Amino acid sequence: MNARFAILLFAVPGMLAAQAMVENAMGVGRAATSTAPAQNAGKAIGEAFGSLSRTLDPAEAKAGGATPAAARPAARSAKSTPARPQKAAVEPEPEVTFEDPSGIQEGMEYAEIVRRFGPPSLKLTSGPGEETLSYARNNRNVGVTMHDGKVASVQKAGA
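Residues numbered from 1 in each chain as written. Predicted model: local features only at pLDDT ≥ 70, side-chain atom pairs only at ≥ 80, totals over all residues. Heavy atoms only, no water.

With that settled, consider the nonpolar core. Among the nonpolar cores identified, the biggest contains 10 residues, and these are Ile104, Met108, Ile113, Phe117, Leu133, Tyr135, Val142, Val144, Met146 and Val151. Ranked by residue count, the leading element in this core is strand E3 (residues 140-147), at three residues. (Core = buried A, V, L, I, M, F, W, Y, C linked by side-chain atoms within 4.5 Å. Buried < 20%, exposed > 50% of the residue type's maximum accessible area, 1.4 Å probe, protein only. Helix = DSSP H or I, 4+ residues; strand = E, 2+ residues; numbered from the N terminus.)

Structure (structure tokens):
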């Protein structure tokens, strides 16, 4: 009888406590990965920006917010998005083209290489004053070893 009492007194509460900890951990994990708390966040943010847009609307700002009904713009539906201001036409910058990196020769300086052949695909510093540049263009790989800012050797591989 003492053994049964000991089991009821020590073992059962320990098992129940372990079960409670597991269930709590599962609930916390579910809450952390659930989208339920954030389901309406996008909608709320959209409404906030819509309200801000209506507040900053230039037509209402001119009249101090009290425009007559005929002069007010049509009310936007809840599903429509506020109109975005049009940006001024920006001319695209002309595309810069660089020479084929297989034209790199020993003795060239780093500044000239970058100006003519563009920035390298990969640049590694292997020691003081020593760098390895890699150009990967046109199915061709060109490895350049630089020493004190000048090309010491060029390795070409590929088509």
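Sheet architecture is open: four strands sit in the order E1-E2-E3-E4, paired in antiparallel fashion. At either margin of the open sheet sits one strand with a lone partner, and together these are strand E1 (122-127) and strand E4 (150-158). Between one strand axis and the next, the sheet turns through 15° on average, direction left out of account. Two elements, E3 and E4, share eight bridges in a ladder whose sense is antiparallel. Across the sheet, Asn141 pairs through a bridge with Ala157, a residue of E4. Sheet strands touched by helix H4 (residues 110-117): E1, strand E2 (130-137), E3 and E4. Its angle to E2, the strand with the most contacts, is close to 10°. (Pairing = 2+ DSSP bridges. Axes fitted to C-alpha atoms, helices over the stretch in contact; angles between N-to-C directions. Contact = heavy atoms within 4.5 Å.)

This part covers unusual backbone geometry. Although it is not a glycine, Asp148 adopts a positive phi angle of roughly 55°. Secondary-structure assignment places Asp148 in the loop between E3 and E4. Accessibility expressed as a relative area gives 59% for Asp148, which makes it exposed.

Structurally, Glu106 is set in the loop between helix H3 (58-62) and H4. Under the relative-accessibility criterion, Glu106 is labelled exposed at 58%. Each C-alpha atom, one on Glu106 and one on Thr145, is 9.2 Å from the other, the two residues being 39 residues apart in sequence. Excluding residues within four positions of it along the chain, Glu106 makes contact with Val151, Ala152, Ser153 and Val154.

Inspection of the entire model under this criterion finds four salt bridges. Two residues, Glu99 and Arg116, come together in a salt bridge whose shortest N-O distance is 2.9 Å. Here the residue Glu99 occupies a position in the loop between H3 and H4, and Arg116 occupies one in helix H4, the gap between them amounting to 17 residues. A relative accessible area of 37% places Glu99 in the partly exposed class. For Arg116, a relative accessible area of 24% gives the class partly exposed. Across the pair Asp100 and Arg140 runs a salt bridge whose closest N-O atoms are separated by 2.7 Å. Taken as a pair, Asp100 in the loop between H3 and H4 and Arg140 in strand E3 lie far apart in primary sequence, 40 residues in all. By relative accessible area, Asp100 is classed as partly exposed at 29%. Each of the salt bridges in this network shares a partner with another, and the network as a whole consists of Glu99, Glu112 and Arg116. (Salt bridge = Lys/Arg side-chain N within 4 Å of Asp/Glu carboxyl O.)

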